[in-house]
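One-letter residues, chain by chain:
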Amino acid sequence: MFKNSLFKVKKLVLATTLLAVTGAANAGYTIKLDDGDSLTFGGYVKVDARYISGDIGATDYWYGGGTVLAESQSNFGISANETRFNTKYIHGDVTGFIEIDFYGDAVKGGGNELISNSSNVRLRHAFVKYKNILVGQTWTTFQNTSSLAEAADFGGPLVASAFIRQGQIRYTMGALQLSIENPASYGGNNIAQGGTANDSIPDFIGKYTFKGDWGNVSLSGLARQLESKSGNTEAAVGVGVAGRINTFGKDDFRFQLHAGNTGRYVGVTAATDMVGEEIEESIAVMAAYRHFWTETLRSSVFFGYQETEESDRERYHVGVNLFTNVTKQLSFGIEVGSFAIDDNAPGAKTGDSAYLQFSTKFVL
C-alpha cells in the first residue's frame, strides 16, 4: 500500500513539474523523485536554413570530407535534424544519461525530401557514471568539448576538431582522466570498410586538464594498435592541446592543436588511420574567438585546417557568425563561411563552397 501511494505521489510530481522550466537555459526540466533521486529532460529544437554555392556537394553541415563536383552548383535547404533530446537520471552516486538526435544517416538524417522529410534517430550518448567511473558511449576522453567553436554550422570547423563519441571505460581522478575506448582502424582492416574487424586491443587515452578562473587547457594523448588491410599491425600515437581562455569581459578564445597519428579522432573523416600499409601522419589547427557585443548579442570567427602526410590532403573551414538571444531559451543566428578541399595526391580533386546559414534554436 505504501509503495502504491509513493508511486502516485511520484506521478503527480512528474505531471506538475513538466509544466515549469528551470531558470538556466541548458538545465532542462528537473523532477525531484526522492531524496537524492532526480530525473532531468533536456535538449533543444534547432532549425537551419542553408544556402551553398560552389563545387563541393551540399550537405547539412561541413565535416572533414565531401564530394567535389564537376562544376559549380547552388543549393538551398531547410533542416531540423540537429534537434536533440536527452534524459538524465540521478540516484545517489549513480548517474545515467541518454541523448539522441536525428542525424541517423550521416549528415542527411535519412530523410526523404519528396514526401515527409522523416529522419532516422541516432544515439549520441548512453552511459552510466558511478563516482569516478564512467562506462558507456560518450565523447572520447581525447576531446576537450569546451574548446569547440560556437557556430550555426553543426560543430563549427570539424575539419580540425577532435570530435568522436564512442564506447569506453573512463576513470577520473581530479584533473586526470584515463580511459580504454572502442578501437577501429579507419582505412585498414575494419569491418566498416569490409574487413574482418580484428581490432583486438582497445585504444588507450589519457588527458590532464588545467583549470582556473582564466579558463582551461587540456593535454591529451592516445596510443593505439592499428591493423592494415593485409592484416599487419602497427602502433600509433597522437597528441593534442586544446582549451578555452577567457579574455575581456565575457569574450573567450578557443583552440585545438593535434598532431601525430590522430587519424579518425580528429577532423571527422579528414584523415584516415591507415593509407595502404602506412600509418597516416597529420596536423590540425583550430582557432575561434567569441565576442559579446551586448549581453544578448555575440559573434564568433573561426578557422580550421588539417593536412595529412601519406594521403597528401589539405582541408579548410572558415566562418563568422552573429547570434542574438530573444529569451534565455530562444536564439537566432546567421553565419557565412567557406569550406575547401585542396588535395595534392595524384588524381585528387580540389574545390570549395561558400555558405550562408540562418539558425533558430530553442533550448529546453
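Provided above is the structure to which this section pertains.
Residues numbered from 1 in each chain as written. Predicted model: local features only at pLDDT ≥ 70, side-chain atom pairs only at ≥ 80, totals over all residues. Heavy atoms only, no water.

## So, the overall build of the protein
Looking only at helices and strands, one finds one helix and 20 strands in the protein. Its C-alpha atoms give the protein principal-axis dimensions of roughly 75 × 50 × 45 Å. Residue pairs at least 24 apart in sequence account for 58% of intrachain contacts in the protein once pairs closer than 6 positions are excluded. When the accessible surface of the protein is summed, it comes to about 17,700 Å², and 61% of that surface belongs to carbon and sulfur atoms. (Helix = DSSP H or I, 4+ residues; strand = E, 2+ residues; numbered from the N terminus. Contact = heavy atoms within 4.5 Å. Areas by Shrake-Rupley, 256 points an atom, 1.4 Å probe, with all protein chains shown as cover.)

## Some details on the pattern of salt bridges
As a working rule, side chains carrying opposite charge can pair if their charged atoms are close by. Summed over the entire model, instances satisfying the criterion amount to 16 salt bridges. Of the charged contacts, one joins Asp 101 and Arg 124 as a salt bridge, the two residues approaching to 3.6 Å between their closest N and O atoms. With Asp 101 in strand β5 (residues 94-101) and Arg 124 in strand β6 (residues 122-130), the pair connects residues that are 23 residues apart, well separated along the chain. Taking the relative accessible area as the measure of exposure, Arg 124 reaches 2% and is therefore buried. One salt bridge connects Glu 150 with Arg 298, and the closest N-O pair in it is separated by 2.9 Å. One end of the pair, Glu 150, is in the loop between β7 (133-139) and β8 (165-173); the other, Arg 298, is in strand β17 (residues 297-308), and 148 residues separate them in sequence. A relative accessible area of 10% places Arg 298 in the buried class. It is possible to trace a salt-bridge network through shared partners that takes in Glu 150, Arg 244, Asp 252, Arg 254, Arg 290 and Arg 298. (Salt bridge = Lys/Arg side-chain N within 4 Å of Asp/Glu carboxyl O. Buried < 20%, exposed > 50% of the residue type's maximum accessible area, 1.4 Å probe, protein only.)

## Concerning the side chain of Gln 166
With respect to the secondary-structure elements, Gln 166 resides in strand β8. A polar contact is formed between the side chain of Gln 166 and the side chain of Glu 181, at a distance of 2.7 Å. Contact partners of Gln 166, with chain neighbours within four places excluded, come to Gly 136, Gln 137, Thr 138, Thr 140, Glu 181, Asn 182, Arg 264 and Tyr 265. (Polar contact = N/O pair within 3.5 Å; in protein donor to acceptor, adjacent residues only side chain to side chain.)

## Looking at the environment of Phe 76
In this structure, Phe 76 sits in strand β3 (residues 68-79). When the C-alpha atoms of Phe 76 and Arg 50 are compared, they prove to be 5.7 Å apart, with 26 residues separating the residues in sequence. Setting aside its immediate chain neighbours within four residues, Phe 76 contacts Ala 49, Arg 50 and Tyr 51.

## Concerning the nonpolar core
If you look at the biggest cluster of nonpolar residues, it comprises 23 residues, and the most contacted ones within it are Trp 62, Phe 142, Tyr 265, Val 266, Phe 302 and Phe 339. It is strand β16 (residues 282-292) that provides the largest number of residues to this core, a total of three residues. Core analysis: the next-biggest nonpolar cluster, separate from the first, contains eight residues, Trp 139, Leu 148, Phe 154 and Phe 163 among them. (Core = buried A, V, L, I, M, F, W, Y, C linked by side-chain atoms within 4.5 Å.)

## A few points about the environment of Val 275
Here Val 275 is to be found in strand β14 (residues 274-275). Since its relative accessible area comes to 27%, Val 275 is described here as partly exposed. As a C-alpha pair, Val 275 and Ser 311 span 36 residues in sequence and 6.7 Å in three-dimensional space. Beyond its immediate chain neighbours, meaning those up to four positions away, Val 275 contacts Glu 280, Glu 310 and Ser 311.

## Some words on the packing of aromatic side chains
Two measures describe an aromatic ring pair: the distance that separates the ring centres and the angle between the ring planes. Applying the stated criterion to the full structure yields 13 aromatic pairs. Chaining the aromatic ring pairs together yields one cluster made of Tyr 61, Tyr 103, Trp 139, Phe 154 and Phe 163. When the ring centre of Trp 139 is taken as origin, the NZ or CZ atom of Arg 165, which lies over that ring, is 4.9 Å away. When the ring centre of Tyr 44 is taken as reference, the NZ or CZ atom of Lys 361 above it lies at 4.2 Å. (Phe/Tyr/Trp six-rings, centres within 6.5 Å; stacked < 30°, edge-to-face > 60°. Lys NZ or Arg CZ within 6 Å of the ring centre and 35° of its normal.)

## Side note on the side chain of Glu 314
By the secondary structure assignment, Glu 314 is in strand β18 (residues 314-325). Buried and unpaired, Glu 314 has no salt bridge, with Arg 315 as the nearest side chain of opposite charge at 9.2 Å. Excluding its chain neighbours within four sequence positions, the residues that come into contact with Glu 314 are Tyr 305, Gln 306, Glu 307, Ala 340, Ile 341, Asp 342, Asp 343 and Asn 344. (Lys, Arg positive; Asp, Glu negative; His and termini not counted.)

## Let's talk about the pairing of strand β9 (residues 176-181)
Residues Gln 177, Ser 179 and Glu 181 line the buried face of β9, whereas the alternating positions Leu 176, Leu 178 and Ile 180 sit on a face that is not buried. Examined bridge by bridge, β8 and β9 share six bridges and lie antiparallel to one another. Across the sheet, the residue bridging to Tyr 171 is Leu 178, located in β9. The sheet contact formed by β9 and strand β10 (residues 203-212) spans six bridges and is antiparallel. Residue Leu 176 lies in a different strand from β10, and its bridge partner there is Tyr 208. (Pairing = 2+ DSSP bridges.)

## Concerning the pairing of strand β4 (residues 84-91)
Judged from the eight bridges that link them, strand β2 (residues 37-56) and β4 form a sheet pairing that is antiparallel. Among the inter-strand pairings, Leu 39 is bridged to a residue of β4, identified as Tyr 89. Two strands pair when backbone bridges link them, and β4 and β5 are joined in this way by eight bridges, in the antiparallel orientation. Paired with Asn 86 across the bridge in β5 is Glu 99. What sits between the antiparallel neighbours β4 and β5 is a turn of two residues, in which Gly 92 has the positive phi angle 65°.

## Some thoughts on the environment of Gln 306
With respect to the secondary-structure elements, Gln 306 resides in strand β17. For the pair Gln 306 and Val 318, spaced 12 residues apart in sequence, the C-alpha to C-alpha distance is 12 Å. Setting aside anything within four residues of it in sequence, one finds Gln 306 in contact with Val 159, Ala 160, Val 266, Gly 267, Ala 270, Ala 271, Ser 282, Ile 283, Ala 284, Arg 313, Glu 314 and Arg 315. Of note is the side chain of Gln 306, whose polar atom sits 2.8 Å from the backbone oxygen of Val 159.

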